[in-house]
Amino acid sequence: QMPLSKQIWFRVGGLSGALSVGAAAYGAHGFQTDDEALQKSYDNGKTLHMIHSVMITVAPITRRPHLVGTLFTAGTGVFSGSCYAKALTGEGKYGQFAPVGGTALILAW
């Protein structure tokens, strides 16, 4: 049986995955913009959010589960969060945080 300390990443990944489905539903049915750049930003955030939610759940089987889980979680939150914020507010300043999240995701891989 896997130690409880590693099982946390299944829960974090599941919660992140559920939030990504909610974000996808909102993107498909609620988010409306004529600005293609904002739509692309939202879509990029949503896609990376879903993919990396799965990777968070894989963290327990890696050699360094807490490091990998933390990097995937933080990277997903910062990258996707900045994409969502930029798309929803129209403020480009939020996009400046995406590279920080992207770097965390790269390190997690």
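Residues numbered from 1 in each chain as written. Predicted model: local features only at pLDDT ≥ 70, side-chain atom pairs only at ≥ 80, totals over all residues. Heavy atoms only, no water.

Student: Lay out the nonpolar core with the relevant residues and their values.
Tutor: In this structure, F72 and F79 are the most contacted members of the largest nonpolar core, which totals 13 residues. Elements supplying a minimum of two residues to this core: helix 2 (36-58), helix 3 (65-89) and helix 4 (98-108). In terms of residue count, helix 3 provides more of this core than any other element does, five residues in total. F72 has contacts with H52, M55, I56, L105, A108 and W109, leaving out every residue within four places of it along the chain. (Core = buried A, V, L, I, M, F, W, Y, C linked by side-chain atoms within 4.5 Å. Buried < 20%, exposed > 50% of the residue type's maximum accessible area, 1.4 Å probe, protein only. Helix = DSSP H or I, 4+ residues; strand = E, 2+ residues; numbered from the N terminus. Contact = heavy atoms within 4.5 Å.)

Student: Describe a nonpolar patch on the surface, and please don't skip the residues or the numbers.
Tutor: The grouping of V78, F97 and V100 at the surface amounts to a nonpolar patch, some 250 Å² of accessible area in total. Topologically, V78 is positioned in helix 3. (Patch = residues over 30% accessible without salt bridge, like charges linked within 9 Å, V, L, I, M, F, W, Y side chains within 5 Å. Areas by Shrake-Rupley, 256 points an atom, 1.4 Å probe, with all protein chains shown as cover. Salt bridge = Lys/Arg side-chain N within 4 Å of Asp/Glu carboxyl O.)

Student: Could you give an account of the side chain of H49, naming the residues involved and the relevant values?
Tutor: Within the element layout of this structure, H49 appears in helix 2. Of the residues examined, H49 reaches a relative accessible area of 9% and is grouped as buried. Only 2.9 Å separates the side chain of H49 from the side chain of Y84, close enough to count as a polar contact. (Polar contact = N/O pair within 3.5 Å; in protein donor to acceptor, adjacent residues only side chain to side chain.)

Student: Describe the packing of helix 2 against helix 3, with residues and values.
Tutor: At their nearest, the axes of helix 2 and helix 3 sit 8 Å apart, and the two run at 160° to each other. As summarised for this structure, helix 2 and helix 3 are arranged roughly antiparallel, according to the angle between their axes. Our pair here, helix 2 against helix 3, has a crossing hand that is left-handed. Of helix 3, the residues touching helix 2 (which contributes L38, S41, Y42, N44, G45, K46, L48, H49, H52, M55 and I56) are F72, T73, T76, F79, S80, C83, Y84, K86, A87 and L88. Classifying every residue of the contact of helix 2 with helix 3 by side-chain character gives eleven nonpolar, eight polar and two charged. (Axes fitted to C-alpha atoms, helices over the stretch in contact; angles between N-to-C directions. Parallel < 35°, antiparallel > 145°, perpendicular 65-115°, else oblique. Left-handed = near helix turned anticlockwise from the far one by under 90°. Nonpolar A, V, L, I, M, F, W, Y, C, P; charged D, E, K, R; others polar.)

Student: Could you give an account of helix 2, with specific residues and numbers?
Tutor: An ideal rise of 1.5 Å per residue puts 33 Å on 23 residues; helix 2 measures up with 33 Å between its terminal C-alpha atoms. L38, S41, Y42, G45, H49, H52, S53, M55 and I56 are the residues of helix 2 that are buried. Looking at the buried positions of helix 2, the neighbouring elements they touch are helix 1 (4-29), helix 3 and helix 4. (Expected span 1.5 Å × (residues − 1).)

Student: Can you lay out the environment of Q96 for me, pointing to particular residues and giving the numbers?
Tutor: Residue placement: Q96 occurs in the loop between helix 3 and helix 4. Spatially, the C-alpha atom of Q96 lies 21 Å from that of T70, the residues being 26 residues apart in sequence.

Student: Just give me the short version of the packing of helix 1 against helix 2, but keep the residues and values in it.
Tutor: Close contact between helix 1 and helix 2 brings their axes to 8 Å; oriented N to C, the two are set at 160°. Here helix 1 is positioned roughly antiparallel relative to helix 2, judged by the angle of their axes. Note that helix 1 runs across helix 2; the crossing there is left-handed. Taken together, the residues of the contact of helix 1 with helix 2 sort by class into eleven nonpolar, nine polar and one charged.

Limitation: the analysis is restricted to geometry and does not speak to function.
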